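Summary of structural features
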Amino acid sequence: MADAVQSLGRSTDLDAVARVTAAKARVARRALRARWGLVAPALLVIGIFGIAPLLITIVYSFLEAATYGGVIWNFSTEAYVQFLFEEDIFDETLHFSWAYPQIFGRSILLALVTTIFCLLVGFPTAYFMATRPPGQRTLWLFLITLPFWTNLLIRTYAMFIILRDEGLVNNGLIWVGFISEPLRLLHTDFAVALGLMYSFLPFMVLPLYAALEKMDFRLVEAGYDLYADRWQVLRKVVIPLAKPGIVAGCILVFIPSIGAYVTPLLLGGGKELMIGNLIALQFGNARNWPFGCAAALILLAMVLVALLYYVRSTGAKQGLGHG
Amino acid sequence: MSEANAIEALGLTKVFGSGADEVTALNQVSLEIRQNEFFTLLGPSGCGKTTLLRLIAGFEMPTAGDILLNGQSVVDLAPNERPVNTVFQSYALFPHMSVADNVAFGLEMRGIGKAEVASTVEEMLSLVQLDHLASRRPAQLSGGQQQRVALARALANHPQVLLLDEPLSALDLKLRQGMRSELKALQQRTGITFVFVTHDQEEALTMSDRIAVMSHGEVQQLGGPTDIYEQPMNRFVADFIGDTNFVMAEVLARENGLLRCRGDGGLEVLASAAGDPAPGDRVTLAIRPEKVQLSAEGHGAEVAEATYLGTDTSYQLRLAEDLALDVRVQNRMDGGTAFEPGQSVAISVPPGAARALLD
């Protein structure tokens, strides 16, 4: 009798344990389902808009070009070879060629110049905005974003009209009497850099403003109080504190600049190519899709390396400071 | 030169804004701050004390008037050209620099050699007992430690005058009380003139050599802590510093340099006078709660409320229909005379303990 009671007791214990275990498992399963359910939209978006196009680009870059566009499904590194070497038409030997690296170099240089000038113009602008009374800042922010209301193509055309031989600048200078003949402004590197700067300046100003607006301006006063002059306060206090904004702004200007298509086409006359135009050309007139894909991937790799280098160098410095 | 005042303000006026938004933060303020003294600007917020400090530091330009530092006018000098340093209310430590770099900042900006900077930083950090935290970032320190870094950063430059803008207001009570004596000791050890801004009267009374009580952009009274507390010159000062009962009264006569006054509710006292009230004038009597003596033998007032405060008991007395008086009596070891609510008591105010104010 006593045994029976005891065994009964034990069995109910076991039942309880089993029930608890089952309940726990159910909860865990539900949590897992919920987690995947929540992550799924993000994964879907990243997959469709990020990873899939990238994979297609990578695959295509290793195929052969078809004569009238498209690809032939044969593995080939021809596209990458073509980037650095030129095939002699007569004996089919490969010679190193600067043509494409030069276009990349030009693009990087133009993007760098654009970024630097955006920073030089954008920093004082953002500083000015951040030091206005809070009510006025909204107005300035609104004015900075105003150009976005118009299409980039239209804005670039407007720049075209300003810069051409009978344009606003030349006519103005002639009217004033500084020059007697129009200056050649359009279809120069200067025009491209100016156009890029104009297009991407807001991308520099906005992150800079965000960083400066958060800054405690008593730190500037503290700098003055501790015998720093204006230049030293800027260099030792303001710029270090605005650094996240400076970095974000430079990245946001540099990356779209280096791959710009419309601006060099219109203001550069398409005579001197930038990477964007080179890539576009491969999918258009040149009908060399693999090479277009390869050029795009080389650009991607270069940007990635630059970003990684930046992240490593700043990350290391910060770690040192904390130690 | 040696006996020139550390700071002299001459008719300092500061007006912010213009037109309808015009605000006069300082109105014709003149005062002298002596060498090596702990001088406090005390007043409620908006009284102009911080504006005065910022004018001395050079962050604001006066609308009118002059500021002399050791006898030399400094109004035309930028903040970085003035031999004064500031401890800011929120410390304003540079977040991107280590504690040591913060302290070294002023020295480096003045182009002092590396070796000397290093030894001064070390000296200053040990002065404020933070040598072990030299390589930390400000964000890794507690409020009290940040406060000390701010002090060390300012003192490292051996300023002629150290300006402190409510430096203790961000600390909790216990820490604040500890820092008071530390600040005072630091001032005495370094011999630097401290100009301390606060709205906390207890801070002002415990630390200062002299206090300027300010309100509405003007100095209401300037004097030592005892003067300010015992001999307030007007109602604002009497009200702002400590607890005070105000009783309207009429001057009856002069007696031995004191004034015999009869207050509302029949209270008759011998009061010291602020200014020169004549017999027949209406005055306000300021009576500190702890100066009033109570006795069970007598009448005149009734205990309305008794609140035990530990060291003291606070009584609210009713003298007349609309006249109440707060009185504080220290709790003696034997329990003293505890008065009960409803009990009748007699009040006496010792000669000179009350203050007759004209406004």
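**Brief notes about the overall build of chain A**
Scanning chain A for helices and strands turns up 12 helices and 4 strands. For a compact globule of 323 residues, the expected C-alpha radius of gyration is about 20 Å, and chain A comes in at 30 Å, more than 25% above that figure. Sorting the 323 residues of chain A into buried and exposed places 27% on the buried side. Across chain A, the fraction of contacts at a sequence separation of at least 24, relative to all contacts at a separation of at least 6, is 66%.

**What about the overall build of chain B?**
Helix and strand content of chain B: 8 helices and 20 strands. Seen along its three principal axes, the alpha-carbon backbone of chain B occupies a region of about 75 × 50 × 45 Å. Counting all 359 residues of chain B, 40% fall into the buried class. For chain B, restricting intrachain contacts to residue pairs at least 6 apart in sequence, the fraction spanning at least 24 positions comes to 66%.

**Looking at the sheet that holds strand β20 (residues 354–357) of chain B**
Residue and element names in this part refer to chain B. What the 5 strands build is a closed barrel, ordered β11-β12-β13-β20-β14; its pairing is mixed. Across the sheet, the axes of successive neighbouring strands diverge by a mean angle of 50°, strand direction being ignored. The pairing of strand β14 (residues 282–287) with β20 spans 4 bridges and is classified as antiparallel. Looking across to β20, one finds that isoleucine 287 is bridged to alanine 354.

**Regarding unusual backbone geometry**
Positive phi, normally seen in glycine, also occurs at histidine 187 of chain A, with a value near 60°. Assignment of secondary structure puts histidine 187 of chain A in the loop between α6 (168–176) and α7 (189–214). Backbone geometry places alanine 92 of chain B, a non-glycine residue, at a positive phi of 50°. Within the secondary structure, alanine 92 of chain B sits in the loop between β6 (84–87) and α2 (99–109).

**Description of the interface of chain B and chain A**
Counting from both sides, the interface comprises 17 residues of chain B and, opposite them, 17 residues of chain A. Broken down by secondary-structure element, the contributors of at least two residues to the side of chain B that touches chain A are β6 and α2 of chain B. Here the side of chain B that touches chain A takes 3 residues from α2 of chain B, the largest share from any one element. A class-by-class count of the residues in the side of chain B that touches chain A yields 8 nonpolar, 7 polar and 2 charged.

**Considering the pairing of β20 of chain B**
All names here are of chain B. Along β20, one buried face is formed by Ala354 and Ala356 and the opposite face, lined by Arg355 and Leu357, is buried too. The pairing of strand β13 (residues 268–273) with β20 spans 3 bridges and is classified as parallel. Residue pairing in the sheet places alanine 273 in a bridge with alanine 356 of β20.

**So, the nonpolar core**
A general feature of soluble globular proteins is that nonpolar side chains tend to end up buried together. By size, the foremost hydrophobic cluster in this structure holds 156 residues, and its most contacted members are Leu208 of chain A together with Ile56, Val103, Val195, Leu285 and Ala356 of chain B. Per-element tally for this core: the top contributor is α7 of chain A, with 15 residues.

**Some points on the confidence of the model for chain A**
All names here are of chain A. Across chain A, the average pLDDT comes to 87, with 93% of residues at 70 or higher. Within chain A, the element-level pLDDT minimum falls on helix α12 (residues 289–322), averaging 78, and the maximum on helix α8 (residues 218–225), averaging 95. A low-confidence stretch, residues 318–323 stays under pLDDT 50, and its non-local contacts, those more than four residues away or across chains, total 3 contacts.

**A look at the packing of α2 of chain B against helix α3 (residues 114–127) of chain B**
Residue and element names in this part refer to chain B. It is the contact of α2 with α3, at a shortest axis distance of 9 Å, that shows an interaxial angle of 130°. As far as their axial angle goes, α3 and α2 are oblique. Crossing geometry of α2 relative to α3 is assigned as right-handed. Along its contact with α2, which presents Ala100, Val103, Ala104, Leu107 and Glu108, the element α3 presents Val117, Thr120, Val121, Met124 and Leu125. For the contact of α2 with α3, the class distribution of residues is 8 nonpolar, 1 polar and 1 charged.

**Digging into α8 of chain A**
In terms of burial, α8 of chain A is largely enclosed, as 6 of its 8 residues are buried. All buried positions along α8 of chain A are accounted for by Val220, Glu221, Ala222, Gly223, Tyr224 and Asp225 of chain A. Buried-residue contacts for α8 of chain A involve α9 (230–258) of chain A together with α1 (49–57) and β6 of chain B. Phi turns positive, to about 75°, at tyrosine 227 of chain A, one or two residues after α8 of chain A.

Conventions and cut-offs
- Residues numbered from 1 in each chain as written.
- Chains lettered and ligands numbered in written order.
- Predicted model: local features only at pLDDT ≥ 70, side-chain atom pairs only at ≥ 80, totals over all residues.
- Helix = DSSP H or I, 4+ residues; strand = E, 2+ residues; numbered from the N terminus.
- Rg over C-alpha atoms; globule rule 2.2 N^0.38 Å.
- Buried ≥ 20, exposed ≤ 12 C-beta atoms within 10 Å, placed from the backbone.
- Contact = placed C-beta atoms within 7 Å.
- Pairing = 2+ DSSP bridges.
- Axes fitted to C-alpha atoms, helices over the stretch in contact; angles between N-to-C directions.
- Nonpolar A, V, L, I, M, F, W, Y, C, P; charged D, E, K, R; others polar.
- Core = buried A, V, L, I, M, F, W, Y, C linked by C-beta atoms within 7 Å.
- pLDDT = per-residue confidence, 0-100.
- Parallel < 35°, antiparallel > 145°, perpendicular 65-115°, else oblique.
- Left-handed = near helix turned anticlockwise from the far one by under 90°.

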